[in-house]
Amino acid sequence: MNNKIFLSPPHMSGNEQKYIDEVFKSNYIAPVGQFINRFEKSVRNYVDSKNSVALCNATSGLHLALRTLGIKDSQVAVSSFTFIGSINPILYERNEPIFIDSDEYWHMDVELLKKAIKENDIKAVLLPHIYGQVADIDAILKVCQENNIYLIEDAAESLGAIYKNKQSGTFGKVGAYSFNGNKLLTASSGGMVVTDNDELAKKIKHLSTQAKEPEFVEYVHKEVGFNYRMSNVLAAIGVAQMEVLDERIAKKREIFEWYKEFLDEEFMPEFPDTKGTRWLTTVIFRDKNPWEVMKVLSKNNIESRPLWNPMHLQPLFKDAKAYLNGRSEELYKKGLCLPSGTTLTKEQVKDICEIIKYV
C-alpha cells in the first residue's frame, strides 16, 4: 500500500471551511462567539442534556467536574483499563485513584468496585467508556447511589454511544466528551461537559474562564480559575462535524463488520441493550503477537496501536491501590486497535486483514 492508512484520521464533512470563514469574517476567533453557542446547543440537544459547556479538552472537563463537586484530597475509583487522561484530573485535585479492573465487556468490573467501596472511603467514581462502547452503567450507578457516591462519566471516546436508548455521558452528575484529532467527531482539539444540574454547569463555565466575577472590568476574582474555554474557531469545526455525526457512526459500525467478516479473531463485545459507535475496531488475537502484527502493518504503511496499557502497571502508580482480576493485563498483551477511519473502503479493510493473516 502506497498511501499511509492512519488509525483514526479526521474526516471533514464539507461545511467546516465555510463556518471557519464566517468566524474569520466576524473576527470572533477568541473563546467567545456564536459558534460556541451553536456547538454547545447541538451537543446538548443531541444527547438530551439540559446544559453543556465547551472546553479546551475532555481532561479539563473531568477536572472541573471533580472541582465543582468538591472532590479533593479524597479517594476516587476509576477503571485501570483506560487512557491517562482519565486519571490526571484525579491527581490535579490531590485525590488518590483506586484502580478497578475490567469486566468481560472491558469496562469497570462492578463486583470489584463494590469491594473497593467497602474497603475505602471513595467519594466519586470516574467511569471511562472506552473505544466507543458503553459500560454497565445501571449497575454502577446503582452502587454509587446506594453509597452516596458521585458518578462522573468519561465519555471522551463515546459520543453517540447509547445505553438503553440514553446517551453515554448523561447518566452521572457530569459527563465529558472529547473532540481530539483522532475522535469520531473532531474539532482538532476540544471537549465539552454536559450536566442536568444548572448550578454545576454555571460553576463549570465560571471556573473555565479564569473565575472572573460579573464585575469583569474591575478584575474581581474570589477563587482560583482556569483557562479552559474552547475557541470560536474550533467550535465552528465542531458544528459542521455534528451535522454528520450519525453518518460517521454508521460508517464506523460498518467498518467493524468488515473486520469481523475478514478476520477470524475475537473482537470487543458490546454490552446488552447498548449500541456503541465502534470508534476504534479492537481485536484480541488468539495466537498472534500483537506487537509483531503492529510491526508488519507499519512496514506496509498502516497505523495501528496497542490496547490501553493498564494504569495500575504504570510507574507513576506503582504504589496505588488496585482491585484486579487479570483481565486488563490480558487484553493489553493480546489486543490491537485497527485502522478505523471513516474514509476506509471495504477493499482496504480486506487488504489489511490479509496482511494480518500472514503474520
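These notes cover the structure that comes with them. Fair warning: this is a prediction, and the values are worked out from it, not measured in the lab.

This next bit is on the environment of Ile237. Tracing the backbone shows Ile237 in helix 8 (residues 232–242). Under the relative-accessibility criterion, Ile237 is labelled buried at 11%. Each C-alpha atom, one on Ile237 and one on Lys350, is 32 Å from the other, the two residues being 113 residues apart in sequence. Setting aside residues up to four positions removed in sequence, Ile237 forms contacts with Met12, Glu16, Ile20, Thr186 and Ala187.

Judged by pairing direction, the sheet is antiparallel, and its 3 strands sit side by side in the order 7-6-11 without closing on themselves. Two strands close off the open sheet at either side, each with one partner strand: strand 7 (166–167) and strand 11 (274–275).

A word on the packing of aromatic side chains. A full pass over the atoms with the stated rule returns 13 aromatic pairs. With centroids separated by 6.4 Å and ring planes inclined at 85°, the aromatic side chains of Trp106 and Tyr131 adopt a geometry described as edge-to-face. With a gap of 25 residues between them, Trp106 in the loop between strand 3 (96–100) and helix 5 (110–119) and Tyr131 in the loop between strand 4 (122–128) and helix 6 (137–146) connect regions that are remote in the sequence. Among the residues examined, Trp106 registers a relative accessible area of 5% and is labelled buried. Both rings, one in Phe226 and one in Tyr228, keep their centres 5.2 Å apart while their planes meet at 15°; by these two values the pair is stacked. Against the face of Tyr19 rests Arg38, its NZ or CZ located 5.2 Å from the ring centre. When the ring centre of Phe256 is taken as reference, the NZ or CZ atom of Arg278 above it lies at 3.6 Å.

A few words on the pattern of salt bridges. Per the stated rule, a full pass over the model turns up 18 salt bridges. Across the pair Arg229 and Glu40 runs a salt bridge whose closest N-O atoms are separated by 2.8 Å. Here the residue Arg229 occupies a position in the loop between helix 7 (198–208) and helix 8, and Glu40 occupies one in helix 2 (residues 34–47), the gap between them amounting to 189 residues. Across the pair, Glu40 and Arg229 agree in class, each one buried.

This part is about helix 11 (residues 327–334). Buried residues of helix 11: Ser328, Leu331 and Tyr332, and no others. Considered in projection along helix 11, the buried side chains sweep an arc of 100° and stay on one side of the axis. Where the residues of helix 11 are buried, they touch strand 12 (281–284), helix 10 (290–299), strand 13 (305–306) and strand 15 (335–338).

The next point concerns helix 7. Taken residue by residue, helix 7 has Leu200, Ala201, Ile204, His206, Leu207 and Ser208 as its buried positions. Those residues of helix 7 that are buried are in contact with strand 1 (51–55), helix 3 (58–68), strand 8 (174–178) and strand 9 (191–195). Regarding helix 7, its N-cap is Asn197, as a side-chain oxygen of that residue lies 3.0 Å from the backbone nitrogen of Glu199 further along. The positive-phi residue at the C-terminal boundary of helix 7 is Gln210, with phi of around 65°.

Rules used in this analysis
- Residues numbered from 1 in each chain as written.
- Predicted model: local features only at pLDDT ≥ 70, side-chain atom pairs only at ≥ 80, totals over all residues.
- Heavy atoms only, no water.
- Helix = DSSP H or I, 4+ residues; strand = E, 2+ residues; numbered from the N terminus.
- Buried < 20%, exposed > 50% of the residue type's maximum accessible area, 1.4 Å probe, protein only.
- Contact = heavy atoms within 4.5 Å.
- Pairing = 2+ DSSP bridges.
- Phe/Tyr/Trp six-rings, centres within 6.5 Å; stacked < 30°, edge-to-face > 60°.
- Lys NZ or Arg CZ within 6 Å of the ring centre and 35° of its normal.
- Salt bridge = Lys/Arg side-chain N within 4 Å of Asp/Glu carboxyl O.
- Arc of directions from axis to C-beta.
- Polar contact = N/O pair within 3.5 Å; in protein donor to acceptor, adjacent residues only side chain to side chain.

Interpretation note: all reported values are geometric properties and have no functional meaning in isolation.
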